[in-house]
Structure formats: structure tokens, C-alpha cells
Amino acid sequence: MVHFKITLKSIFTISMAVNFCSCTSQSTGIIAEGAELSQIANTFSFTEGPAANEEGDVFFTDQPNDQILKWSASKNTIEVFKKPSGRANGLYVDHKGNLLAAADEHNELWQIGMNDNIDTLITQFEGKKLNGPNDLWVDLKGGIYFTDPYYQRPYWDRTTPDIKEKRVYYVAPNRKDITIAAEGFVQPNGIIGTADGKTLYIADIGAKKTYSFTINDNGDLTNKTLFTEMGSDGMTIDHKGNVYLTGDGVTVFNKDGKQIAHIPVNEEWTANVTFGGKNQETLFITAKGAVYTLQMNVHGVRYPMD
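Note that this is a predicted model, so its numbers are computed, not measured.

(A) Local environment of the overall build of the chain. Looking only at helices and strands, the chain has two helices and 28 strands in total. The C-alpha atoms of the chain give a radius of gyration of 18 Å, which matches the 19 Å a tight globule of 306 residues would have. Across its three principal axes, the chain shows a C-alpha extent of roughly 50 × 45 × 40 Å. By sequence separation, contacts in the chain at least 24 residues apart represent 48% of the contacts at least 6 residues apart. Within the structure as shown, the chain displays about 13,300 Å² of accessible surface, and the carbon and sulfur contribution to it stands at 47%. Across the chain, the 28 positively charged side chains and the 37 negatively charged ones have centroids separated by 1 Å.

(B) Structural view of the pattern of salt bridges. In the structure shown here, the tally under the stated rule is eight salt bridges. Measuring nitrogen to oxygen at the nearest pair gives 3.0 Å for the salt bridge that ties glutamate 183 to arginine 167. Pair noted here: glutamate 183 is in the loop between β17 (178–182) and β18 (188–193) and arginine 167 is in strand β16 (residues 167–171), with a separation of 16 residues, a long-range link. Glutamate 183 gets classed as partly exposed once you look at its relative accessible area, which sits at 41%. Here the residues in one salt-bridge network are Glu165, Arg167 and Glu183, joined through shared partners.

(C) Structural detail: the sheet that holds strand β25 (residues 259–263). An order of β22-β23-β24-β25 is seen for the four strands of this open sheet, with the pairing classed as antiparallel. Either end of the sheet is taken by a strand with one partner, and the two such strands are β22 (235–237) and β25. Adjacent strand axes in the sheet meet at a mean angle of 20° when their direction is disregarded. Note: strand β23 (residues 243–247) against strand β24 (residues 249–253), five bridges, orientation antiparallel. Paired with leucine 245 across the two strands is threonine 251, which belongs to β24.

(D) Region of interest: the packing of aromatic side chains. Scanning the entire structure with this criterion turns up 13 aromatic pairs. Taking the centre distance of 5.0 Å and the plane angle of 70° together, the rings of phenylalanine 59 and phenylalanine 81 count as edge-to-face. Taken together, the positions of phenylalanine 59 in strand β5 (residues 58–62) and phenylalanine 81 in strand β7 (residues 77–82) put the pair 22 residues apart, joining distant regions of the chain. Residue class for phenylalanine 59 comes out buried when judged on its relative accessible area of 1%. Aromatic pair tryptophan 71 and phenylalanine 284: ring centres 5.4 Å apart, planes at 40°, arrangement tilted. With tryptophan 71 in strand β6 (residues 67–72) and phenylalanine 284 in strand β27 (residues 282–287), this pair connects stretches of sequence that are 213 residues apart. In this pair, the class of tryptophan 71 matches that of phenylalanine 284, namely buried. One aromatic cluster is present, formed by Phe44, Phe60, Trp71 and Phe284 through successive ring pairs. Stacked on the ring of tryptophan 156, the Lys or Arg arginine 158 has its end atom at 4.6 Å from the ring centre. When the ring centre of phenylalanine 185 is taken as reference, the NZ or CZ atom of lysine 224 above it lies at 5.2 Å.

Definitions and cut-offs
Residues numbered from 1 in each chain as written. Predicted model: local features only at pLDDT ≥ 70, side-chain atom pairs only at ≥ 80, totals over all residues. Heavy atoms only, no water. Helix = DSSP H or I, 4+ residues; strand = E, 2+ residues; numbered from the N terminus. Rg over C-alpha atoms; globule rule 2.2 N^0.38 Å. Contact = heavy atoms within 4.5 Å. Areas by Shrake-Rupley, 256 points an atom, 1.4 Å probe, with all protein chains shown as cover. Lys, Arg positive; Asp, Glu negative; His and termini not counted. Charge placed at Lys NZ, Arg CZ, Asp CG, Glu CD. Salt bridge = Lys/Arg side-chain N within 4 Å of Asp/Glu carboxyl O. Buried < 20%, exposed > 50% of the residue type's maximum accessible area, 1.4 Å probe, protein only. Pairing = 2+ DSSP bridges. Axes fitted to C-alpha atoms, helices over the stretch in contact; angles between N-to-C directions. Phe/Tyr/Trp six-rings, centres within 6.5 Å; stacked < 30°, edge-to-face > 60°. Lys NZ or Arg CZ within 6 Å of the ring centre and 35° of its normal.

Following this line, the structure appears as C-alpha cells:
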């Protein structure tokens, strides 16, 4: 439900564009020729969790202000989609067009229909409150992988976790059964899977490492392999298999784990990234109180291309 609308042209009297080009990014050719990193809004407290729908619009969160916002790819406007939002953090649009949210206020996993109805999918594991679902990815069957680190929140009554382990869980396609997908992390955070549904990348931001896993038919994860010696807050992937990690701007690795590009962002912290826009060729970046876009030569893999 839309509560108010922000027209970007009316907010900004001066359009801000940051020249991002670096030798590494130019040499790879993943960024459109002449493209510049453009700040499209900076009126938020801390932006996170970008997730694109089939039309290329991007939902993202402003957790301190307890709201989910929506960027229109066709109109280049931002509007409030849901407020309050359960202190939503990571988001993902499922195969039916529902918006999934890691609702951090009460450590839940939500499904938000486009009619604004909320279904609470997961509230606990084996009778214990989750640490705080953070980021999520949906597999080809509709099952949900989500990271569950522990970040103490000022709006929580508790000061210690019910579950000592910082894990990644898997919610079966029936949206009821939950199992442990992977554990042994310091602080798991960003997560993204490949288009063929065979590989899952999980960033352990606490250990400053990102791992790849093989996804088995039953949803189990095996063959844990170090992908790169870098953690990440949020992650995305393009059609060439390049993986995008965040923190100090956006750092891009090819599928072999070799860094091929770095996109500087003039913010203290870059939290997350996804592909949106027409043909999934717009890189949408959340960084502190701002959001940015960048036109790319590569595209996302979430929706089939004609």
C-alpha cells in the first residue's frame, strides 16, 4: 500500500553523478560505455535489501525508519510500499510475485502479497526464537534459504540469542518445514544463487570470507568451497556468473573467484546490490542513506531474457 510518493526531480535541485570508472571496471567491459554511477535519492537512514520484480521495479528497505520502499524503473520515482514493515531487512520476490521479507523486529520471515496481506512464514526453529533473519534467496522449487546472524537491535527486549549458532536455514517449498542448510559461520550475511539452481554463495562477513556450496535436489548444501577472502553484506550475480560483493563499494569477482572490477561508491558503507530496470541491465545499489543506479553491459539472471 502506498502511503506517500517521492518525485525525484522535485527533491533534488542538482542531480548528483559520481564518476566511478576504474581501470579494472573499464577493462572487463561489464559496465555500459560512458555510464556513470547516479545517486537517485539520499533521504533515508540506512538502505538495504534490494529485490527486483518482473517489471524491473526494485523494492528496498530503510530499516531504522521501519519502511519498505519501491523504485519504479519506468518512472524513476520512489514510493513507500509498506510502513511499518516489521523492521524488514533483506527482501526477495518469489516466483509468484510475493515479496518475502526478513522481518527483524520479531525475528520472523514474512510473505507480503501485492494486496498488502502479510503471512508470517517462520517464527522459530525447534522452539527457539531465530537470531534475526537477514538475507534470503529462493531456489527454483520455491524453497527459501536465509541467513540468520545475530545483530543486537535497540528495539529488542533480549540481549542474548536463543540459538548460539549463526546458521543458514532452508524453508521447504511448502513454506512450513525448516531445516539447517549450513552452519559453522562467524556471521553469515549476504546470499545469492546461480540461475541454474546448482550453486549457492554465502558470505560470512564476520570471517571476511565468501563460500560456494553445491545445492542438492533435496535442498541440502554440500561441497563447501572458499570462493574469495572477502565477506559481504549483500550480493548479486550476473548472466556471466560474475558475483558482486558489497562493503567498500561493489567488488566484482568472476565465477573462478578472481576480482575483475571495483565500483567505488562515495558512501561510508555499501550494504547491498541487485539487478533491476528494463532487461535487468540496471545495477541498483543501496548505500547508507542513499540509493544509486548504474547502467551495465551485463544483466541479472532472475527473470528469463527474450
